[in-house]
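An overview of the molecular structure
Okay, here's what each chain looks like letter by letter:
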Amino acid sequence: MWSKDSFVVKELNAFEDYLRDKYKPGNSFLNGVSQKIIFSGGKRLRPALVIISGMMGDYDRSKIFPLAAAIETLHTATLIHDDIIDDAKTRRGQITTSEKHGINIAIYTGDYLLANSILLLAESGLAMKEVDRLAKAVKMICTGEVSQYLNRYKLTSVSGYLKRIMKKTGILFSASCAIGSYASNCDLKHVRTMARIGMNIGIAFQIRDDLLDVEINDKEAEKIGKPIANDIKNGIITLPFIYSAKRSEKVKQSIEKLFEVSDELNIRECENEALTNKKGINVNKVDNDNIRQIINDVIKSGGVDDAKALKNRYIQKTRNLLDTLPQITDETKQALEEVLNWL
């Protein structure tokens, strides 16, 4: 994503060493489990945003690295809990903690990581006001996840979708940019602008991820360890499907029918059995054939194009906000521009 000789890459490499030191597998069983998850892959985008935001002021590794580690640790904890709720077998091509060690150990590991994120915040010396910001971010992530869970197998509006992903994804990106700039002694107006920039990047990131769920092929899915159409199979409606349902009554009815059947039978518990429900619908048939047909209809009806257009609007909003920061250096702006280009 970034130029190999850039400041961001150099700092991320040093940060990786810092993170490995914090999670030496020999320290304890939970540290070993945590280490395997944290270093199982991932873009390190959130800690990178902490670093990039820190570049805008008085950059200090002793403050920035613990904050970046706290953010990444917190993010990892939420992934473990997500995998438990979703009954996920793999993540990034590797067996999930809940699948390998059971739900109890997965919960303990998630809690252990949450506790570690607090310790890392304390190490950074972050002011209580910004600790409060991160605590509120965690609270919003939880409410966003619960909202998503309670509204499974239901069609929603674009505005409802955006409210959900702002809490579920955007808020941690926002916090990453805010605390990085705050820790480097930027003025409060600058910190608030960076918080908005982080939120916009987080929204665009989630839309990108939702598009990947639709556009990815079998070979690409295997390579990155991302199951095809995983969200729709779990009853979670994402942006391309929402737009397509608005455009096409056929797609809307297909999604509603899929959700009705999925909700009744719980596909995840039946995926290896040739079960039929009282309506005579084969679960495996619904899972494999009907979802693929719905995805094809979503693409044809323009749902994907609409989602890409909205993602691009949030990217442009970010660029507009960057232009309001006169103190931003060329190197920092280039680093953020590379993130936007990747999105």
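Computed from a predicted model, the values in this text were never measured in an experiment. (Residues numbered from 1 in each chain as written. Predicted model: local features only at pLDDT ≥ 70, side-chain atom pairs only at ≥ 80, totals over all residues. Heavy atoms only, no water.)

Below, the discussion takes up the environment of Val 131. When you line up the elements, Val 131 lands in helix H7 (residues 128-150). Residue Val 131 is classed as partly exposed on the basis of its relative accessible area of 23%. (Helix = DSSP H or I, 4+ residues; strand = E, 2+ residues; numbered from the N terminus. Buried < 20%, exposed > 50% of the residue type's maximum accessible area, 1.4 Å probe, protein only.)

In this section: the confidence of the model for the protein. Here the protein averages 88 in pLDDT, and 89% of its residues register 70 or above. In the predicted structure, residues 270-286 sits below a pLDDT of 50 and forms 28 contacts with residues beyond four places in sequence or in another chain. (pLDDT = per-residue confidence, 0-100. Contact = heavy atoms within 4.5 Å.)

Among the surface-exposed residues, Ile 85, Val 146, Tyr 149 and Leu 150 lie close enough to one another that they form a single nonpolar patch of about 390 Å² accessible area. The element contributing the most residues to the nonpolar patch is H7, with three residues. With respect to the secondary-structure elements, Ile 85 resides in helix H4 (residues 61-86). (Patch = residues over 30% accessible without salt bridge, like charges linked within 9 Å, V, L, I, M, F, W, Y side chains within 5 Å. Areas by Shrake-Rupley, 256 points an atom, 1.4 Å probe, with all protein chains shown as cover. Salt bridge = Lys/Arg side-chain N within 4 Å of Asp/Glu carboxyl O.)

This model, assessed by the stated rule, comprises 16 salt bridges. As a salt-bridge pair, Arg 247 and Asp 306 come within 2.6 Å of each other at their nearest N and O atoms. Of this pair, Arg 247 sits in helix H12 (residues 239-247) while Asp 306 sits in helix H16 (residues 303-322), placing them 59 residues apart in sequence. Owing to a relative accessible area of 18%, Asp 306 belongs among the buried residues under this scheme. The residue Asp 297 makes a salt bridge to Lys 250 at a minimum N-O spacing of 3.6 Å. A residue pair is termed long-range when its members are at least 10 positions apart, and Asp 297 in helix H15 (residues 283-301) and Lys 250 in helix H13 (residues 249-265) qualify at 47 residues. Members of the salt-bridge network, linked through shared partners, are Glu 16, Arg 44 and Glu 72.

Right, let's talk about unusual backbone geometry for a bit. Phi is positive for Arg 44, close to 55°, though the residue is something other than glycine. Considering the arrangement of structural elements, one finds Arg 44 in the loop between helix H2 (29-38) and helix H3 (45-54). One non-glycine residue, Tyr 153, adopts positive backbone phi at about 60°. Looking at the element boundaries, Tyr 153 is found in the loop between H7 and helix H8 (158-183).

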